[in-house]
Amino acid sequence: MYLSCMKHLVKEEQYQKTKAIVVKFGEPGGTGELLQKKLLERSDKTYNWVYDYWLEDMYLNQRLALPVNSNPAMVFPKQNFKDRKDSLRFAAHLITGVLEYKERIDTRVLPVDFARGQLAGTPLCMKQYYRLFNTYRLPGHKRDTLVIHKPGSTEQEYIIVACKNQFFVLDLVVNKKKLKEMDILTQLEKIVKMAENSEERQPPFGLLTSDGRTEWAQAREVLIKDSVNRESLAVIEKCLCVLCLDNPSGMEVGDTSRALLMLHGGGHEKMGANRWYDKPMQFIVGEDGVCGTVCEHSPFEGIVLVACTEYLMKFMTGSPSKMGRATSVSELPTPARLLWKTTPHIQGLLKASAERLQRLVRDLDMDVHKFEVYGKEFIKKQKMSPDAYIQVALQLAFYRCNGRLVSTYESASIRRFHEGRVDNIRSATSEALAFVKAMTDQKDSEKMKRLWDAINAQTNYTITAITGLGIDNHLLGLREIAQELKMEMPEIFTDETYVASNQFILSTSQVPTTVEMFCCYGPVVPNGYGCCYNPQSDHLLFSVTSFHGSTETCSAVFIKALDEGLVEMRDLCRKSNKPQSSAAPAASKVAENNQGAGIN
């Protein structure tokens, strides 16, 4: 399967070299057989043989900064606040919803998710939900640690509120009583007032969390030498979530600018320091109505983020704000401001972090685009899977821009398995390549046949990946076992083809929502695209990112090619005869099987 995934993506000479390496690796009594035996032994001793390997490879070993490179964001509908107090009412109502959702998690009353579409009815692992509010990504010099706090512990009865780059503790339980929404509003108003006091203003320590992971780990080591800093860090690391109260950004408010503010805060001059990027759930409420959440991605996938935020959006619109009630706690203590001890060295670290964040902000090329010609209903009428159809359209767009296909990542949920996270659907199939070439110089009948071939290949690979039979996790497992055995790295893993197979120049994910909001994230390689899409019945929403620093990419050019390709594919479907009945079933059954599998 690995060879068939890569044959059409590398030069023939390189492919023949790789084929020989693969044959040797797979010989009876050879290296592959030994590693497979060891992997099977590991699978006998663990619930999920790939989980730890995958978590470290995908997240904890990565050294890039979390904003843009790793943390995805969910952009809420634009709010129309009359004034600051109105935005604080919204924030208090939102936190009330968060507490209600957390209680559902803690009391285990969340209904179990079941697979839809192909193999519908399979129960899905719920572990990721239990990591939404009780985890923290601790920076390390070579590898980060995912810290998991005991759920429902009394230690976690507070949130951190960021306002004007200052951090405050908002206790949610006072005198053994839970705060009502009115009390939360009262405390938020106090925090805003305290944040405005310039005499007590602390340096913008949140900036350090926006830096590369090794740089942040080194800075943290400097910070914890002082007990004041050590205590402030401990408080943040154990909080339930972070609420970021943002000033107006001064940017023209549109889908793209809102997405940028969620991903990186606009840099240190805007809201980039009013964040704590290591915390999995950060809720952002801007005075100008720009709201959403930015997440540290290592504890959970996109579908869990969608489920949580959709619950909150429905709570916000469906349950009235309870501001009219009498306050539950007569004397509310003043929220504590987190204090920091700084030195010239620490000031220098903050300055360096600010500069690196600014470079990242300047480099990100983002385009959020609503394709309004048609949506997933049209695709379903063709008896095609909307996800497979969009993936083929993305291949067409990339080919039109670059004249070739590249290794493509589409996250595939493997929550059918205990502790299952994701594997990869390799969308750059040979059938997709045949289709995109046919779109240039073939008759319509040939194009339609090639489109069906591409749709079916994509659908079949999706089923393979979500049922645990994909190649990426398996190859990762064999590679990691080789490292554990301290053997010389097998040639299959040092070969050019393997390196290219893991350079995901196109990183994609379907993150559908039932309420008006959308997800976005950055590219995973310097010369790549991040493409998150949200298929709705009458339109398709795309969030495309790339880096200005690359001469090979341009988000607007990619969107234009995608737009044109989607229109051509519609015209082709309309002109052609009815879809081939033999090809239709496999492609249509999986339509909703992989919804919101992951993010990047």
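Because the structure is a prediction, the values reported are computed rather than measured.

Side note on the overall build of the chain
When its secondary structure is counted, the chain shows 20 helices and 18 strands. Computed over C-alpha atoms, the radius of gyration of the chain comes to 25 Å, within 12% of the 25 Å expected from 2.2 N^0.38 for 600 residues, which places it in the range of a compact globule. C-alpha atoms of the chain, sized along the principal axes, occupy 75 × 55 × 45 Å. Among the 600 residues that make up the chain, the fraction classed as buried is 59%. With the model as given, the accessible surface of the chain reaches about 24400 Å², and the carbon-plus-sulfur share is 51%. Of note, the chain has its 75 positive side-chain charges centred 3 Å away from the centre of its 72 negative side-chain charges.

Description of the pairing of strand S2 (residues 135-138)
For a regular strand, side chains alternate in direction, first toward one face of the sheet and then toward the other. Note that S2 and strand S3 (residues 145-148) share four bridges and pair antiparallel. Of the residues in S3, the one forming a bridge with Thr135 is Ile148. Connecting the antiparallel pair S2 and S3 is a turn made up of six residues.

Quick notes on the UniProt feature "active site" (unreviewed entry) in the chain
The sites that UniProt annotates as "active site" (unreviewed entry) are His297. Here His297 is to be found in the loop between strand S10 (291-295) and helix H10 (302-318). Looking at His297, its side chain comes within polar contact range of the side chain of Tyr59, at 3.3 Å.

Comments concerning the domain arrangement of the chain
Along its sequence, the chain is organised into domain 1 (1-48 + 365-577) and domain 2 (56-364). On a C-alpha basis, the centroid separation for the pair domain 1 and domain 2 is 32 Å. Every contact between the two is made by 35 residues of domain 1 and, on the other side, 45 residues of domain 2. Of the roughly 3300 Å² buried between domain 1 and domain 2, counting both surfaces, carbon and sulfur atoms make up 58%. Broken down residue by residue, the surface that domain 1 buries against domain 2 is led by Arg415, Arg416 and Arg421, which jointly contribute 25%.

Comments concerning helix H2 (residues 12-25)
Helix length check: H2 (14 residues) gives 20 Å between terminal C-alpha atoms against 20 Å at 1.5 Å per residue, within 8%. All of the buried residues along H2 are Gln14, Tyr15, Thr18, Ile21, Val22 and Phe25. All buried residues of H2 lie within an arc of 125° about the axis, which places them on one face of the element. Within H2, the exposed residues directed more than 90 degrees away from the buried face are Glu13, Val23 and Lys24. The elements touched by buried residues of H2 are helix H1 (2-6), helix H3 (31-45), helix H16 (472-484), helix H17 (491-494) and helix H18 (496-501).

Here's the deal with empty space enclosed by the protein
Under the defined criterion, the tally for this structure stands at four cavities of 30 Å³ or more. Residue composition of the lining of the second largest cavity, grouped by class: six nonpolar, three polar and three charged.

Thoughts on the layout of surface pockets
Put simply, the largest pocket is a space of about 1000 Å³. Forming the boundary of the largest pocket are 36 residues, of which Asp57, Met58, Gln62, Asn502 and Val524 lie nearest the centre. Elements with a contribution of two residues or more to the lining of the largest pocket: helix H4 (51-60), helix H11 (344-363), strand S14 (422-425), H16 and H18. Among the residues making up the lining of the largest pocket, the classes are represented as 19 nonpolar, ten polar and seven charged. When we break the lining of the largest pocket down by domain, the ones giving at least three residues each are domain 1 (1-48 + 365-577) and domain 2 (56-364).

Observations concerning the packing of H4 against H16
Across the interface, H4 lies against H16 with an axial gap of 10 Å and an inter-helix angle of 95°. Considering their axes alone, H4 and H16 lie roughly perpendicular with respect to each other. The residues of H16 that touch H4, namely those facing Tyr53, Trp54 and Asp57, are Asn473, Leu476, Gly477, Arg479, Glu480, Ile481 and Glu484. Of the residues that constitute the contact of H4 with H16, the class distribution is four nonpolar, two polar and four charged.

What to know about the sheet that holds strand S4 (residues 158-163)
Ordered by their spatial adjacency, eight strands build an open sheet running S11-S5-S4-S8-S9-S10-S1-S16, and the pairing between neighbours is mixed. The open sheet has two free edges, formed respectively by strand S11 (336-337) and strand S16 (518-520), since each of these has just one partner strand. Bridge analysis of S4 against strand S8 (residues 242-246) gives four bridges, and the strand direction is parallel. Of the residues in S8, the one forming a bridge with Ala162 is Cys244. Set on the sheet, helix H6 (residues 181-195) makes contact with S4, strand S5 (166-171), S8 and S11; between it and S5 the angle comes to about 155°. Against the sheet, helix H9 (residues 255-264) makes contact with strand S1 (73-75), strand S9 (281-286), S10 and S16, and its axis sits at roughly 145° relative to S1, the strand it touches most.

Concerning the packing of aromatic side chains
Aromatic ring pairs: the centre-centre distance and the angle between the two ring planes describe each pair. If you walk through the whole model with that rule in mind, you get 17 aromatic pairs. Geometrically, the ring pair formed by Trp216 and Trp276 is edge-to-face, given 6.0 Å between the ring centres and 80° between the ring planes. With Trp216 in helix H7 (residues 213-223) and Trp276 in the loop between H9 and S9, the pair connects residues that are 60 residues apart, well separated along the chain. Each member of the pair Trp216 and Trp276 is classed as buried. Members of the aromatic cluster, connected to one another through ring pairs, are Phe167, Phe205, Trp216, Trp276 and Trp340. Stacked on the ring of Tyr15, the Lys or Arg Lys7 has its end atom at 5.1 Å from the ring centre.

Conventions and cut-offs
Residue numbers here run from 1 along each chain, matching the order of that chain's written sequence. It should be noted that, the model being predicted, local features are given only for residues of pLDDT at least 70 and side-chain atom pairs only at 80 or more, the latter also being counted only at that level, while totals for whole chains, interfaces and linings use all residues. Side-chain measures here rest on the full set of heavy atoms in the structure, leaving out hydrogens and waters. In this description a helix means any DSSP run of H or I spanning at least four residues, a strand means any run of E spanning at least two, and both kinds are numbered starting from the N terminus. For the radius of gyration, the atom set is restricted to C-alpha positions; the globular benchmark scales as 2.2 Å times the number of residues to the power 0.38. Three labels apply to residues, based on accessible area from a 1.4 Å probe with only protein chains included: buried if under 20% of the type maximum, exposed if over 50%, partly exposed otherwise in between. Note that accessible areas follow from Shrake-Rupley with a 1.4 Å probe, and for residues the cover is restricted to the protein chains shown. We count Lys and Arg on the positive side and Asp and Glu on the negative side, and we leave His and both chain ends out. By convention, charge coordinates are those of NZ in Lys, CZ in Arg, CG in Asp, or CD in Glu. The pairing criterion is simple: DSSP has to find at least two bridges between the two strands. UniProt positions are given in the numbering used here, feature names are shortened, and annotations may be inferred rather than shown by experiment. Within 3.5 Å is the distance limit for a polar contact, defined as a pair of N or O atoms, with the added protein rule that one can donate a hydrogen and the other accept it, and that residues adjacent in sequence qualify only through two side-chain atoms. The domain boundaries here were taken from an automatic or database domain assignment. Working rule for contacts: check all heavy atoms of both residues, and any pair within 4.5 Å makes them a contact. Once two parts are brought into contact, the accessible area they lose, counted with a 1.4 Å probe and summed over both, makes up the buried area. To estimate the expected span of a helix, subtract one from its residue number and multiply by 1.5 Å. This arc corresponds to the set of directions leading from the helix axis out to the C-beta atoms. A pocket, in this scheme, is an open set of points on a 1 Å grid over the protein atoms alone with protein on both sides within 12 Å along at least 5 of 7 lines, while a cavity is a set where a 1.4 Å probe fits but cannot get out; residues line either one if an atom lies within 4 Å of a point. Grid points are joined across faces, edges and corners, and a volume is the space filled by probe spheres set on the points. Here the term charged refers only to Asp, Glu, Lys and Arg, the term nonpolar to Ala, Val, Leu, Ile, Met, Phe, Trp, Tyr, Cys and Pro, and the term polar to all other amino acids, Gly among them. Each axis is a line fitted through C-alpha atoms, taken for helices only over the stretch in contact, and angles between the N-to-C directions span 0 to 180 degrees. Roughly parallel means an angle under 35 degrees; roughly antiparallel means over 145; roughly perpendicular covers 65 to 115; every other angle is labelled oblique. Between 30 and 60 degrees the pair is tilted, below 30 it is stacked and above 60 it is edge-to-face, where a pair is any two Phe, Tyr or Trp rings, Trp via its six-membered ring, whose centres lie within 6.5 Å. Counted as over-ring charges are cases with an Arg CZ or a Lys NZ within 6 Å of the ring centre that also lie within 35 degrees of the ring normal.

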